[in-house]
Amino acid sequence: MSIGIIGVMIPIVVSVGLFALIFGIVYLRSREKMAMIERGMNPGIEVIKPVNRNFVLTWGCLLIGSGLGLFLAYILDNTLYFARDNDNPALYFALIAIFGGAGLFVSYLIEKKDAKNEE
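Scoring rules and cut-offs
- Residues numbered from 1 in each chain as written.
- Predicted model: local features only at pLDDT ≥ 70, side-chain atom pairs only at ≥ 80, totals over all residues.
- Heavy atoms only, no water.
- Helix = DSSP H or I, 4+ residues; strand = E, 2+ residues; numbered from the N terminus.
- Rg over C-alpha atoms; globule rule 2.2 N^0.38 Å.
- Buried < 20%, exposed > 50% of the residue type's maximum accessible area, 1.4 Å probe, protein only.
- Contact = heavy atoms within 4.5 Å.
- Areas by Shrake-Rupley, 256 points an atom, 1.4 Å probe, with all protein chains shown as cover.
- Patch = residues over 30% accessible without salt bridge, like charges linked within 9 Å, V, L, I, M, F, W, Y side chains within 5 Å.
- Salt bridge = Lys/Arg side-chain N within 4 Å of Asp/Glu carboxyl O.
- Axes fitted to C-alpha atoms, helices over the stretch in contact; angles between N-to-C directions.
- Parallel < 35°, antiparallel > 145°, perpendicular 65-115°, else oblique.
- Left-handed = near helix turned anticlockwise from the far one by under 90°.
- Expected span 1.5 Å × (residues − 1).
- Polar contact = N/O pair within 3.5 Å; in protein donor to acceptor, adjacent residues only side chain to side chain.

Within the protein chain, the regular secondary structure consists of three helices and zero strands. Walking the protein chain from its N terminus toward its C terminus, one meets helices and strands in the order α-α-α. A compact globule built from 119 residues should have a C-alpha radius of gyration of about 14 Å, whereas the protein chain, at 25 Å, is more than 25% larger. Along the first, second and third principal axes, the C-alpha set of the protein chain runs to 70 × 65 × 15 Å. Counting all 119 residues of the protein chain, 13% fall into the buried class. Within the protein chain, counting contacts between residues at least 6 apart in sequence, those at least 24 apart form 56% of the total. Accessible surface for the protein chain amounts to roughly 10,300 Å². Of this, 71% is attributable to carbon and sulfur atoms.

What follows concerns a nonpolar patch on the surface. Where nonpolar side chains cluster on the molecular surface, the patch consists of I3, I5, I6, V8, M9, I10, I12, V13, V14 and V16 and spans about 990 Å² of accessible area. Among the secondary structure elements, M9 is positioned in helix α1 (residues 4-38). You can call M9 partly exposed: its relative accessible area is 38%.

Moving on to the packing of helix α2 (residues 55-79) against helix α3 (residues 89-118). Packing of α2 against α3 leaves a shortest axis separation of 7 Å and a crossing angle of 150°. Of the possible angle classes, the one that applies to α2 and α3 is roughly antiparallel. As for how α2 packs across α3, the hand of that crossing is right-handed.

This part is about α2. Since the α-helix packs 3.6 residues into each turn, any two residues three or four apart lie on the same face. Its 25 residues place the ends of α2 36 Å apart at the C-alpha level, agreeing with the 36 Å of an ideal helix rising 1.5 Å per residue. Turning to α2, its buried residues are T58, C61, L62, G65, S66, G69, A73 and D77. The elements touched by buried residues of α2 are α3.

Here we take up α3. Given a rise of 1.5 Å per residue, 30 residues ought to cover 44 Å, and the 43 Å separating the end C-alpha atoms of α3 matches this to within 8%. Where α3 is buried, its residues contact α2.

Here the focus is the side chain of T58. Along the chain, T58 turns up in helix α2. The class for T58 is buried, based on a relative accessible area of 18%. Within polar-contact distance, the side chain of T58 engages the side chain of S107 at 3.2 Å. In this structure, T58 is in contact with N52, L104, S107 and E111, ignoring residues within four places of it in sequence.

Mapped onto the elements of the fold, D77 is located in helix α2. Polar contacts involving the side chain of D77 include one to the side chain of Y92, which spans 3.2 Å.

See below:
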């Protein structure tokens, strides 16, 4: 059984691509630090990102919404007449996305209300 040229080239291309990716990241990071030094900034000080205090709320609402969407898709898939013969994966994906998005929207509304109460 012959592997062929494609079977030989794939590991070589993946290895070269991985090396180029790592080299590029290190190179760009060092250029960024050199630019910071030229501007008189200290490259050892990292920029502090604002902390999302409602991280758990966001993920909780997302997972609850996705779970509700999955549960509703299961109920609809097993009770509707047209779907008894075969599985309907589009129904599952659509309802998970819809209810997951609704969960994120609810999280946003709660965070907005909390921020308004803090003012």
